[in-house]
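Chain by chain, the residues:
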Amino acid sequence: GAVVSQHPSRVICKSGTSVKIECRSLDFQATTMFWYRQFPKQSLMLMATSNEGSKATYEQGVEKDKFLINHASLTLSTLTVTSAHPEDSSFYICSARAGGGFTDTQYFGPGTRLTVL
Amino acid sequence: EDQVTQSPEALRLQEGESSSLNCSYTVSGLRGLFWYRQDPGKGPEFLFTLYSAGEEKEKERLKATLTKKESFLHITAPKPEDSATYLCAVQAPGAAGNKLTFGGGTRVLVKP
């Protein structure tokens, strides 16, 4: 149980294009999903918290107009990297919180490797 | 501000050589402490949640313990397949969206 998927697993795009990454909770409903970014040999950096049906909450320093997050249903959140540039190349990981309690576990997706040429 | 520090940064073990990883935290109250395992190029895999000092949890060769200031992840008689980065994270009361604060991780390499 508690499986989270991401699509695509890898994407290579040209500078200036937009890329959409999907995050799905496959066997549970997730009122809250989180988007992280991870650079090589570093830990996870939280970008934003996404609640179903409401606007995402972005961490300090994360451009909300560049990283558009939509959480349209209890099983799907999307991250769109708009006008991507080489510095946006990174490993993007989503997680979904199962349940509505304060200490419910976050389950992570397999990640999406974005390379911007 | 919540802080999580993991040590050592890297650990090389021989197969069968038991060891412990440390996760020190500073939070104003603790809702939960989480351990994850991450393999290269993959998302973190949930291992344990600890809620209060004195609590212990086990899974195969792994055992997690918790005090008021730190948590330990003990690896008993490790095998090469235990090689991974182990991440510790804390959740504090009032944390917006119940977000987690992660430590830097400990990279474990178990040699046969």
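Owing to the predicted nature of the structure, the values given are computational and were not obtained by experimental measurement.

It is worth spelling out the side chain of B:Gln38 at this point. Inspection of the secondary structure puts B:Gln38 in strand 4 (residues 32-38). According to the relative accessible area criterion, B:Gln38 is buried, its value standing at 8%. At a separation of 2.9 Å, a polar atom in the side chain of B:Gln38 contacts the side chain of A:Gln38. Within the structure, B:Gln38 has its side chain in polar contact with the backbone oxygen of B:Lys42 (distance 2.7 Å). Residues within four places of B:Gln38 in sequence aside, it is in contact with A:Gln38, A:Leu44, A:Phe91, A:Ile93, B:Gly43, B:Pro44, B:Ala84, B:Thr85 and B:Leu87.

Glancing now at the sheet that holds strand 8 (residues 70-75) of chain B. Residue and element names in this part refer to chain B. If you trace the five strands from one edge of the open sheet to the other, you get 1-3-8-7-6, paired in antiparallel fashion. The open sheet has two edge strands, strand 1 (3-7) and strand 6 (56-59), and neither has a second partner. The sheet shows a mean angle of 15° between the axes of neighbouring strands, direction not considered. The pairing of strand 1 with strand 3 (residues 19-26) spans five bridges and is classified as antiparallel. Paired with glutamine 3 across the two strands is threonine 26, which belongs to strand 3.

Right, let's talk about unusual backbone geometry for a bit. For the peptide bond that leads from A:His7 to A:Pro8, omega is 0°, which places it in the cis range. Here A:Pro8 is to be found in the loop between strand 1 (4-7) and strand 2 (10-13). Omega for the bond connecting B:Ser7 with B:Pro8 falls within 30 degrees of zero, at -10°, which places this linkage in the cis form. Located in the positive-phi region is A:Lys41, a residue other than glycine, with phi close to 60°. Within the secondary structure, A:Lys41 sits in the loop between strand 4 (32-38) and strand 5 (44-51).

Facing 22 residues of chain B, the contacting portion of chain A comprises 22 residues. Buried area between chain B and chain A, both sides added, is near 1700 Å², and the carbon and sulfur share of it is 55%. Of all residues in chain B, B:Asn98, B:Lys99 and B:Phe102 bury the most surface against chain A, accounting for 25% of the area lost on that side. Here chain B is connected to chain A by one salt bridge. Linking A:Glu59 and B:Lys99 is a salt bridge whose minimum nitrogen-to-oxygen distance equals 2.8 Å. Between chain B and chain A we count six residue pairs in polar contact (both at pLDDT 80 or more) in total. Elements represented by at least two residues in the side of chain B that touches chain A include exactly strand 4, strand 5 (45-50) and strand 9 (84-91) of chain B. It is strand 4 of chain B that contributes the most residues to the side of chain B that touches chain A, four residues altogether. By residue class, the composition of the side of chain B that touches chain A is nine nonpolar, 10 polar and three charged.

We now examine the packing of aromatic side chains. Evaluation of the coordinates by the stated rule reveals nine aromatic pairs over all chains. An angle of 90° between the planes, with centres 5.1 Å apart, marks the rings of A:Phe108 and B:Tyr36 as edge-to-face. Of the two residues, A:Phe108 sits in strand 10 (residues 106-108) while B:Tyr36 sits in strand 4, which places them in two different chains. The exposure class assigned to B:Tyr36 is buried, which follows from its relative accessible area of 0%. On the numbers, 6.0 Å between centres and 70° between planes, the contact of A:Phe108 with B:Phe102 is edge-to-face. Residue A:Phe108 is located in strand 10, and its partner B:Phe102 is located in strand 10 (residues 101-102); the two belong to separate chains. Every member of this aromatic cluster is reached through a ring pair, and the members are A:Phe28, A:Tyr36, A:Tyr107, A:Phe108, B:Tyr36, B:Phe46 and B:Phe102.

So, about the side chain of B:Thr49. Within the element layout of this structure, B:Thr49 appears in strand 5. By relative accessible area, which is 3% here, B:Thr49 ends up buried. In contact with B:Thr49, other than residues within four places in its own chain, are A:Thr105, B:Leu33, B:Phe34, B:Glu55 and B:Lys57.

All names here are of chain A. The strand order 1-3-8-7 describes an open sheet built from four strands, whose pairing is antiparallel. Bordering the open sheet on either side are strand 1 and strand 7 (67-73), each of which pairs with just one other strand. Mean inter-strand twist for the sheet, computed between neighbouring axes without regard to direction, equals 15°. Pairing between strand 1 and strand 3 (residues 19-25): four bridges, direction antiparallel. In the strand pairing of strand 3, glutamine 6 is matched with cysteine 23.

Here is what the cut-offs are and how they apply
Residues numbered from 1 in each chain as written. Chains lettered and ligands numbered in written order. Predicted model: local features only at pLDDT ≥ 70, side-chain atom pairs only at ≥ 80, totals over all residues. Heavy atoms only, no water. Helix = DSSP H or I, 4+ residues; strand = E, 2+ residues; numbered from the N terminus. Buried < 20%, exposed > 50% of the residue type's maximum accessible area, 1.4 Å probe, protein only. Polar contact = N/O pair within 3.5 Å; in protein donor to acceptor, adjacent residues only side chain to side chain. Contact = heavy atoms within 4.5 Å. Pairing = 2+ DSSP bridges. Axes fitted to C-alpha atoms, helices over the stretch in contact; angles between N-to-C directions. Buried area = accessible area lost by both parts, 1.4 Å probe. Salt bridge = Lys/Arg side-chain N within 4 Å of Asp/Glu carboxyl O. Nonpolar A, V, L, I, M, F, W, Y, C, P; charged D, E, K, R; others polar. Phe/Tyr/Trp six-rings, centres within 6.5 Å; stacked < 30°, edge-to-face > 60°.

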